[in-house]
Each structure stands twice: as structure tokens, then as C-alpha cells.
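Coordinate analysis (summary)
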Amino acid sequence: MTRFQRILTAAAVTAAAFGFTGSASAANFICNPAPGVCTFDGTTGGIVNSIAKGSTHTDRFYFTVSSAGEFLFNWTTSKLSLTSANFNGGAAFAPVFGQDYSFNVLAAGTYFLEVTSHNSTERTSTFVTSADFAAVPEPAMWGMMIGGFGLGGMAMRRRRALGTATFA
């Protein structure tokens with residue numbers, strides 16, 4: 001699916017969500033390096049979302065990565081309840097503010113983080129989520145690193161053997 005199609009799909013889903021919701025609402029956000037609620041450049045980014053007073057939101061944030069690796073998320077908030085979250089449809093969990101949550105991805109692709117939040121305060125409140133992605137080295141890269149360490153060790157051993165002198 002092209003980027004343009006994803007944007008149109010997200011816009012249609014968002015419009016439908018706003019059309020059918022009352023106090024609880026939902027939206028989809030495609031995380032690209034652009035200003036807005038959700039940004040992600042392939043390795044780092046984040047979410048900044050404001051929730052109106054007395055409302056509940058379930059929002060889905062899409063992240064596209066170019067290789068296998070590990071996502072790391074961390075939440076902070078200002079007087080807002082995060083009731084649940086899940087990564088790519090996995091088991092739901094209740095995020096604890098300031099705690100890191102990591103998720104492994106096995107291949108390149110688009111993944112989502114779904115967050116349900118409730119604002120019981122008398123004013124609009126915000127939550128912030130940092131999103132970091134660390135790629136896992138490919139097997140060829142591991143082989144090159146191990147081979148390099150082996151060659152370096154052999155060179156050091158050879159130098160030590162050549163550098164010893166005996167005096168009579």
C-alpha cells in the first residue's frame with residue numbers, strides 16, 4: 001500500500017470514527033517525519049496527544065520500520081489515565097508512567113500501538129509517548145564482527161610472539 005493510500009485510509013477511518021462516536025472517540029495516526037500528533041523517522045519519534053475533559057479515546061498509531069528490531073515505548077502524562085495499550089494487536093497492558101516497554105519485531109513492515117486513555121479531570125490533559133527503534137544486526141553483520149575480532153586477536157598474538165627477544 002502506498003503512502004498516499006495509507007493517508008487516505010487513515011483519513012477515511014478518522015472521519016468515520018468521529019462520525020460514529022459520542023464522548024468516546026478513536027483515530028488512526030500514521031507516524032511519519034511530519035508535524036502532528038505522531039512522528040517517527042524510522043528510529044526515533046513520539047506521540048503527543050491531548051484528550052478533552054471527560055472523554056475517553058482509543059487511538060491507533062502506525063510505525064513503519066525497514067528491518068527487524070526492537071521498539072521501546074515510554075509514557076508520561078499530566079493527570080490522565082491510560083487504561084490500556086497493546087502493540088500490534090498483542091495482549092493489552094496498563095502502561096505505568098516512566099516505565100519502558102519493549103516489543104520485538106521480526107521483519108520490516110508497519111506496526112501499530114493502540115492506546116486507550118480516559119480524562120476524568122476538568123480540563124484537557126496530555127500524554128506523551130517516546131518511541132525508539134533499534135535494528136537488530138543481520139547475520140552477515142554478526143559474521144563480519146566475529147571474523148574481525150578473530151583477525152584482530154590473531155594479529156595481536158602474532159605481534160607478541162614476534163616482539164619477544166631473548167638475551168644471553
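Everything quoted here is computed from the prediction, not taken from an experiment. (Residues numbered from 1 in each chain as written. Predicted model: local features only at pLDDT ≥ 70, side-chain atom pairs only at ≥ 80, totals over all residues. Heavy atoms only, no water.)

Broken down by element type, the chain carries two helices and nine strands. Taken from the N to the C terminus, the helices and strands of the chain come in the order α-β-β-β-β-β-β-β-β-β-α. Buried residues in the chain amount to 29% of all 168 residues. Carbon and sulfur atoms provide 63% of the accessible area of the chain, an area that totals close to 10,300 Å². (Helix = DSSP H or I, 4+ residues; strand = E, 2+ residues; numbered from the N terminus. Buried < 20%, exposed > 50% of the residue type's maximum accessible area, 1.4 Å probe, protein only. Areas by Shrake-Rupley, 256 points an atom, 1.4 Å probe, with all protein chains shown as cover.)

As enumerated under the stated definition, the model contains one salt bridge in all. Glu114 is the salt-bridge partner of Arg60, the closest N and O atoms lying 2.8 Å from each other. Here Arg60 is found in strand β4 (residues 56-65), whereas its partner Glu114 is found in strand β8 (residues 109-118), with 54 residues between them in sequence. (Salt bridge = Lys/Arg side-chain N within 4 Å of Asp/Glu carboxyl O.)

Moving on to the packing of aromatic side chains. Two descriptors summarise a pair of aromatic rings, namely the distance from one centre to the other and the angle between the planes of the rings. Under the criterion given, the structure shown has 18 aromatic pairs. A centroid spacing of 6.0 Å and a plane angle of 55° characterise the contact between Phe73 and Phe103, whose relative ring orientation is tilted. Of this pair, Phe73 sits in strand β5 (residues 69-77) while Phe103 sits in strand β7 (residues 100-105); the two residues are 30 residues apart in sequence, bridging distant segments of the chain. Taking relative accessible area as the criterion, Phe73 reaches 0% and is therefore assigned buried. Judged by relative accessible area, which is 17%, Phe103 ranks as buried. Ring plane angle 70° and centroid distance 6.1 Å describe the contact between Trp75 and Phe93, whose orientation is recorded as edge-to-face. Residue Trp75 is located in strand β5, and its partner Phe93 is located in the loop between β6 (81-87) and β7; the two are separated by 18 residues in the primary sequence. With respect to class, Trp75 is no different from Phe93; both count as buried. By the ring-pair criterion, three or more aromatic residues cluster together here, those being Phe40, Phe63, Phe71, Phe73, Trp75, Phe87, Phe93, Tyr101, Phe103, Tyr111 and Phe133. (Phe/Tyr/Trp six-rings, centres within 6.5 Å; stacked < 30°, edge-to-face > 60°.)

Take the environment of Gly45 next. Mapped onto the fold, Gly45 is located in strand β3 (residues 44-51). When its relative accessible area of 22% is taken as the criterion, Gly45 is described as partly exposed. Along the primary structure Gly45 and Asp132 are separated by 87 residues, whereas in three dimensions their C-alpha atoms are 6.4 Å apart. Apart from residues no more than four positions distant in its own chain, Gly45 is found in contact with Thr39, Phe40, Thr129, Ser130 and Ala131. (Contact = heavy atoms within 4.5 Å.)

This part covers unusual backbone geometry. The phi dihedral of Asn88 is positive, around 55°, even though this residue is not glycine. Within the secondary structure, Asn88 sits in the loop between β6 and β7.

Moving on, we get to the nonpolar core. By size, the foremost hydrophobic cluster in this structure holds 25 residues, and its most contacted members are Phe61, Phe63, Phe71, Phe73, Trp75, Val115 and Phe127. Every element with two or more residues in this core is listed here: β2 (38-40), β3, β4, β5, β6, β7, β8 and β9 (125-135). Excluding its chain neighbours within four sequence positions, the residues that come into contact with Phe61 are Phe29, Cys31, Val37, Cys38, Ile47, Asn49, Tyr111, Phe112, Leu113, Val115 and Phe127. (Core = buried A, V, L, I, M, F, W, Y, C linked by side-chain atoms within 4.5 Å.)

Okay, the environment of Ala27 next. One can find Ala27 in strand β1 (residues 24-30). A relative accessible area of 7% places Ala27 in the buried class. Separated by 33 residues in sequence, Ala27 and Arg60 have C-alpha atoms that sit 6.3 Å apart.

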